[in-house]
Amino acid sequence: MVSASMYIAQDKLTTTLDELAKKFELWVPVAAMEKQRVVRFMPYQAGMEPVLAEQSGLGPKNALLPQVETLLKFSYRKDVDDPGQKRLQLEAPEPPKQALIFGARPCDARGFLIFDQVFSHGPYVDDIYTARRETTLIATLVCLDEDAACFCSSVGSGPADMEGSDLRLTPIAGGYVVEALNDRAQPVMEVLAEPASEIQLAAARKVQEEAAQRRVGGADLTQSRASFLKRFEDMGYWREMVSQCLSCGICTYVCPTCYCFSITDEMKEDRGERIRSWDSCMFYTYTAEASGHNPRPTRLERYRNRVGHKFGYFPEKYQGMIACCGCGRCIRGCPVSIDIRRVAENLKESSDACA
Amino acid sequence: MHVLSPYRPELATIIEVIQETHNIKTFRVVLDDPEKMRTFNFRPGQVGQLSVFGVGESTFVINSPPTRMDYLQFSVMRVGEVTQKLHQLNKGDQVGIRAPLGNGFAYEDMRGKDILFVGGGIGMAPLRTLLLYMLDNRDDYGNITVIYGARSPLDLCYRYEFDEWRAGGVDLILTVDAEFPGWQERVGFVPTVLSEESPTPFNKIALVCGPPIMIKFVLYSLRELGFEDQQIVTTLEKRMKCGVGICGRCNIGSKYVCVDGPVFTCEQLREMVNEL
Amino acid sequence: MKTSLTTELHEKIREVFTELELMIGWEAGFDALHTTPVFIRSADDVGRLTWGLLCAQNLTTYLGKDLTLMAAARESNKKIGICVKGCDSRSIVGLIQDRLIERDRLYIIGLPCQGVIDWKKVAARMPISGISSVRIAGQEVIIEGAAGERRFDLQELLARRCLRCLYPNPLISDCVVGETVAPRVKKQDVHQDVAKIEGLSLQDRLAFWQQELDRCLRCYACRNACPFCICQDRCIAETRDPKWLSQYVKLPEKFLFHFIHAMHLAGRCTECGECERVCPMDIPVTLIKEELNKITAELLDYEAGLDVNAVPPLVTFNPSETGL
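Residues numbered from 1 in each chain as written. Chains lettered and ligands numbered in written order. Predicted model: local features only at pLDDT ≥ 70, side-chain atom pairs only at ≥ 80, totals over all residues. Heavy atoms only, no water.

Quick word on the overall build of chain A
Then, in step 1: Assigned secondary structure in chain A consists of twelve helices and twelve strands.
Then, in step 2: Taken against the 2.2 N^0.38 rule, which gives 20 Å for 355 residues, the C-alpha radius of gyration of chain A at 22 Å falls within 12% of a compact globule.
Then, in step 3: Here chain A holds 355 residues, and 62% of them are scored as buried.
Then, in step 4: Restricting to contacts in chain A with at least 6 residues of sequence separation, those with at least 24 account for 71%.
Then, in step 5: Averaged over its 43 positive side-chain charges, chain A has a centre that lies 4 Å from the centre of its 48 negative ones. (Helix = DSSP H or I, 4+ residues; strand = E, 2+ residues; numbered from the N terminus. Rg over C-alpha atoms; globule rule 2.2 N^0.38 Å. Buried < 20%, exposed > 50% of the residue type's maximum accessible area, 1.4 Å probe, protein only. Contact = heavy atoms within 4.5 Å. Lys, Arg positive; Asp, Glu negative; His and termini not counted. Charge placed at Lys NZ, Arg CZ, Asp CG, Glu CD.)

In structure tokens:
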């Protein structure tokens, strides 16, 4: 497939984004205005300075799976035939707009590949997610910015992995080379003004090759299912590994592959919405039953389920695909610095040798 | 469900409400769209998510069999937010339904066998669906025995149907936990009565549903009597939201109770991780 | 980085380990900038413990929430060992005041503290990828990074809570490891950060909190890190019956959660600052509790976590009280 490569100079980045924002709902990583540290993906507005030289704290998950999303609207209206009675009326939510995620990393794109399995491949198809997915393009950076918490290569990905992305952004001196990876990317390419020169292309190839050869992370974690199942009943192991867990929702919220949600009705007077909102398997309420029984009463069972889902149950259902992209956000974000790599790596030791 | 969105309920209207016990009501509903009602089909044991818009949804087995489609029936115990609101609804009120969901009973594989139903309290609800289906297809099944118990006679559901069941060829053994004025039938916990009855496991399927403690002791009794795990069928309950295997929460290991269940054999349960 | 203090800590703990059901402390984390809490159950593992300016977590949060700890201690008739900095020891006093833990079941190792560094402040000053060691030398922090050694003033890197800390030395302990430390701030300056907000007009104050809380994700890390939020599994922010908050993540819900949470801590919060440290969105939530504590001190002449025998005034009723 031949497609012209384009170039965005660093000092033309914001004007380019202004142009793209006319055509797309544009998601870019920005630092919170008041605090330079926290980088999160937000809908672009003129004046925003994107932060592309480091990984975001909160990725572009919101673009495809908003933290709060309307599933349907309902209202009670007077029955024309019997004005004393009220009848229900349901309305579908607004359809999604054309969107572009600019500045994702391979780990972010991998998260969406995991979502696709769950939301779009059946047996029941989530029409709302699927519609958003179809109208959203992802422009992914070749990643040069790994730190001590990154481990994408350990879970089957890598800093140059473009699976699931529509455009590749390669950082070179002075700017970014932009390449379309499929036909869907054409509407973005059409907006870009400057073709990439031979020298720029060559520089980009060099960056891509180096990134493709770089291994980010330690031990391979893709074959952990059997050892997880062996460790399931070993509560001493879970106590040793995650007694310090606080049961908050940070790891699941910042994780690109976590998708669990709750469904609640929110109503005022006669009108309301059924919304879905991010939930967390780490919360006590996640599995708390009306009877009072909770199959996962403590953080130990809940964390065990989290590791089991990512490294065991999900790959069992989806041809070995690991529900973890190795981005390290859970490790960096965890208030008590629990390292999921350590929990997964030590599964395979014999039960009395955990250290 | 055949609609575009798995999250969108069909609207339905309540045509009858029956007070079964002090905290259980049975609702009979009809889908507002007559064409959808006419073409609605399901397997005994499949469930529906009932919506009380503004409050939420809750999961209930479709309590009537597909052979009797004048209405869809759901028996509801009042335990929480949604069921509390449901219990306040009357004939003529609307609800939402997302159904059929779940796997249902493997009734085809039960043909030619003798059937033993063991139910406690509201646990009779899913069993009733299959029981009536079998009565409506009586020749396909062998002897049918029902052991049904509750705390007191006032806690038994479907009391108005017991004669019909017996007339249909069911050996119905009723029991309550303690003596009660006017009660002529058995007295004793369901697992005890089961042991006393001592049914043979030969060519038999046992379907068990009720409070967790009852299920635990009934399974013990059945195994003592020689029943094997693939002969014992039960239904699981979990906190549910989407009901379609997407939101993640009702899993036991890699199985989702909403899609792979709620009906499981004991053999399947034994292969799952220990997290009930 | 093993220091002489760490060695002394190990020795002290080994001396008493047979009396302990377990010891809660810190060990090295996933990189040179982080530690992680650890529950030591065997004397052989005592060597894993570390102590220094990376030991930010307040370990007392486990005491009131993990009921298996005290239960295990009662059953074996042993004690729960715990390492506490000055601020953490105040939490222990507060937990005793609230009758949430039993003093006799604790073996408290008190650690006079020079402060803990905020790793985000390091990240703002140098690349953190490739940092191999962090150590303190006097009032300087020496960090070995990918491009060589960098030196910073300790003051530059300290967490905000440490810059306003009046209680660096343990207020309650069974043994102390380390020399007494002088407070970094004077009592009259302790509310400077809050005073800045108070100095804003009401409109600007509202705008400030709207801007900050807009970033809140309702992850509940602040609530769960707080030693006093023992009702976290049944929190009003999550219950649907009765329903206090909707599931929206908009300003009204976030305001409600944060201000109700702060009100529940009024007169109880010991300003350990964990809520602010754990926030993934850098929201300065401890400020809200500092304001309420300032009001409690002014009106009721009371500060939580200083005296085990003091009864928190907001859980008492004195008919002869005036001026309210």
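What about the overall build of chain B?
Then, in step 1: Scanning chain B from N- to C-terminus turns up seven helices and 15 strands.
Then, in step 2: Its C-alpha atoms give chain B a radius of gyration of 18 Å, near enough to 19 Å, the size a compact globule of 276 residues would have.
Then, in step 3: Projected onto the principal axes, the alpha-carbon positions of chain B cover approximately 50 × 45 × 35 Å.
Then, in step 4: For chain B, buried positions account for 61% of its 276 residues.
Then, in step 5: In chain B, of all internal contacts separated by at least 6 residues, the share reaching a separation of at least 24 is 68%.
Then, in step 6: Total accessible area on chain B stands at roughly 11,000 Å², and carbon and sulfur atoms take up 50% of it.
Then, in step 7: Taking the average location of the 28 positive side-chain charges in chain B and that of its 34 negative ones, the two points are 5 Å from each other. (Areas by Shrake-Rupley, 256 points an atom, 1.4 Å probe, with all protein chains shown as cover.)

Concerning the sheet that holds strand S9 (residues 175–180) of chain A
Residues and elements named next belong to chain A.
Then, in step 1: With respect to topology, eight strands assemble into an open sheet ordered S3-S2-S6-S7-S8-S9-S1-S10, the strand pairing being mixed. Strands with a single pairing partner mark the edges of an open sheet, and in this sheet they are strand S3 (39–43) and strand S10 (194–195).
Then, in step 2: For strand S1 (residues 6–9) and S10, the ladder comprises two bridges, and the chain directions are antiparallel. Residue pairing across strands places Met 6 opposite Pro 195, the latter belonging to S10. (Pairing = 2+ DSSP bridges.)

A short note on the pattern of salt bridges
Pairs can form between side chains of opposite charge whenever their charged atoms are close.
Residue and element names in this part refer to chain C.
Then, in step 1: The tally for this structure, following the rule as stated, stands at 72 salt bridges over all chains.
Then, in step 2: A salt bridge links Glu 156 to Arg 125, with the shortest nitrogen-to-oxygen separation between them at 2.7 Å. Taken as a pair, Glu 156 in helix H6 (residues 154–157) and Arg 125 in the loop between helix H5 (119–123) and strand S6 (133–137) lie far apart in primary sequence, 31 residues in all.
Then, in step 3: According to the relative accessible area criterion, Glu 156 is partly exposed, its value standing at 33%.
Then, in step 4: Relative accessible area serves as the criterion here: at 32%, Arg 125 is assigned to the partly exposed category. (Salt bridge = Lys/Arg side-chain N within 4 Å of Asp/Glu carboxyl O.)

Focus: the nonpolar core
For soluble globular proteins, the rule of thumb is that nonpolar side chains tend to be buried together.
Then, in step 1: Membership of the largest hydrophobic core comes to 193 residues, with the highest contact counts inside it found for Phe 117, Trp 165 and Leu 207 of chain B together with Ile 24 and Ile 92 of chain C.
Then, in step 2: Looking at this core element by element, the count peaks at nine residues for helix H3 (residues 124–136) of chain B.
Then, in step 3: Setting aside chain neighbours within four positions, we find Ile 24 of chain C in contact with Val 38, Phe 39, Leu 59, Tyr 62, Leu 63, Leu 69, Ile 80, Gly 81, Ile 82 and Cys 83 of chain C. (Core = buried A, V, L, I, M, F, W, Y, C linked by side-chain atoms within 4.5 Å.)

Thoughts on the interface of chain C and chain A
Then, in step 1: Counting residues at the interface gives 46 residues for chain C, matched by 44 residues for chain A.
Then, in step 2: With both sides pooled, the region where chain C packs onto chain A buries about 3,800 Å², and carbon together with sulfur makes up 55% of that total.
Then, in step 3: The three residues of chain C that bury the most area against chain A are Phe 30, Gln 247 and Tyr 248 of chain C, which together make up 17% of that side's buried surface.
Then, in step 4: At the junction of chain C with chain A, the criterion picks out four salt bridges.
Then, in step 5: For the interface between chain C and chain A, the tally reads 22 residue pairs in polar contact (both at pLDDT 80 or more).
Then, in step 6: For the side of chain C that touches chain A, the element with the most residues is strand S2 (residues 35–40) of chain C, which contributes four residues. (Buried area = accessible area lost by both parts, 1.4 Å probe. Polar contact = N/O pair within 3.5 Å; in protein donor to acceptor, adjacent residues only side chain to side chain.)

A word on the interface of chain B and chain A
In many analyses, interface size is given as the accessible surface area lost on bringing the parts together.
Then, in step 1: Chain B puts 44 residues into the contact, and the matching count from chain A is 49 residues.
Then, in step 2: In total, chain B and chain A occlude about 3,700 Å² of area from one another, counting both sides; carbon and sulfur atoms represent 52% of this.
Then, in step 3: Applying the counting rule to chain B against chain A returns five salt bridges.
Then, in step 4: In this structure, Glu 275 of chain B engages Arg 296 of chain A in a salt bridge whose closest nitrogen and oxygen atoms are separated by 3.0 Å.
Then, in step 5: Our count for the contact surface shared by chain B and chain A stands at 24 residue pairs in polar contact (both at pLDDT 80 or more).
Then, in step 6: Elements with a contribution of two residues or more to the side of chain B that touches chain A: strand S1 (10–19), strand S3 (47–52), strand S4 (56–61), strand S6 (94–101) and strand S14 (255–256) of chain B.
Then, in step 7: Element by element, the count of residues in the side of chain B that touches chain A is highest for S6 of chain B, at three residues.
Then, in step 8: Class assignment for the residues of the side of chain B that touches chain A results in 20 nonpolar, twelve polar and twelve charged. (Nonpolar A, V, L, I, M, F, W, Y, C, P; charged D, E, K, R; others polar.)

So, the state of the cysteines
Residues and elements named next belong to chain A.
Then, in step 1: For the structure shown, the criterion picks out zero disulfides over all chains.
Then, in step 2: Between Cys 330, a free cysteine, and Cys 327, which holds the nearest cysteine sulfur, the sulfur-to-sulfur gap is 6.4 Å.
Then, in step 3: For Cys 330, a relative accessible area of 13% translates into the label buried. (Disulfide = S-S within 2.5 Å.)

Concerning the packing of aromatic side chains
Then, in step 1: For the structure on display, the rule yields 26 aromatic pairs over all chains.
Then, in step 2: Centre to centre, the rings of Tyr 148 of chain B and Phe 162 of chain B are 6.3 Å apart; their planes meet at 80 degrees, and the pair counts as edge-to-face. Of this pair, Tyr 148 of chain B sits in strand S8 (residues 144–150) while Phe 162 of chain B sits in helix H4 (residues 162–167), placing them 14 residues apart in sequence. Across the pair, Phe 162 of chain B and Tyr 148 of chain B agree in class, each one buried.
Then, in step 3: Taken together, the ring pairs connect Phe 112, Phe 115, Phe 119, Tyr 129, Tyr 259 and Phe 261 of chain A together with Tyr 7 of chain B into an aromatic cluster.
Then, in step 4: Sitting over the face of the ring of Phe 232 of chain A, Arg 304 of chain A holds its NZ or CZ atom 3.7 Å from the ring centroid.
Then, in step 5: Sitting above the plane of the Phe 217 of chain B ring, Lys 216 of chain B keeps its charged end 5.9 Å from the centroid. (Phe/Tyr/Trp six-rings, centres within 6.5 Å; stacked < 30°, edge-to-face > 60°. Lys NZ or Arg CZ within 6 Å of the ring centre and 35° of its normal.)

Section: the domain arrangement of chain B
All names here are of chain B.
Then, in step 1: Structurally, chain B comprises domain 1 (10–101) and domain 2 (107–235).
Then, in step 2: Listed per partner, the contact involves 23 residues of domain 1 and 21 residues of domain 2.
Then, in step 3: Summed over both sides, the interface between domain 1 and domain 2 buries roughly 1,700 Å², with carbon and sulfur atoms accounting for 53% of that surface.
Then, in step 4: Interface area lost by domain 1 to domain 2 is led by Glu 20, Pro 44 and Arg 68, which between them contribute 32%.
Then, in step 5: Linking domain 1 with domain 2 are three salt bridges.
Then, in step 6: A salt bridge links Asp 136 to Arg 68, with the nearest nitrogen and oxygen atoms 3.0 Å apart.
Then, in step 7: For the interface between domain 1 and domain 2, the tally reads 13 residue pairs in polar contact (both at pLDDT 80 or more).
Then, in step 8: Here the side of domain 1 that touches domain 2 gets four residues from one element, more than from any other, and that element is strand S5 (residues 72–77).
Then, in step 9: A class-by-class count of the residues in the side of domain 1 that touches domain 2 yields ten nonpolar, nine polar and four charged. (Domains from an automatic or database assignment.)

Considerations on the pairing of S4 of chain B
Then, in step 1: Summarising the sheet, S3 of chain B and S4 of chain B pair through six bridges and their orientation is antiparallel. Across the sheet, the residue bridging to Val 52 of chain B is Gly 56 of chain B, located in S4 of chain B.

A short note on the packing of helix H9 (residues 202–213) of chain C against helix H11 (residues 251–265) of chain C
All names here are of chain C.
Then, in step 1: With their axes 10 Å apart at the nearest point, H9 and H11 run at an angle of 100 degrees to one another. Here H11 runs roughly perpendicular to H9, going by the angle between their axes. Seen from H9, the contacting residues are Leu 206, Trp 209, Gln 210 and Leu 213; seen from H11, they are Leu 251, Lys 254, Phe 255, His 258 and Phe 259.
Then, in step 2: Looking at the contact of H9 with H11 residue by residue, the class counts come to six nonpolar, two polar and one charged. (Axes fitted to C-alpha atoms, helices over the stretch in contact; angles between N-to-C directions. Parallel < 35°, antiparallel > 145°, perpendicular 65-115°, else oblique.)

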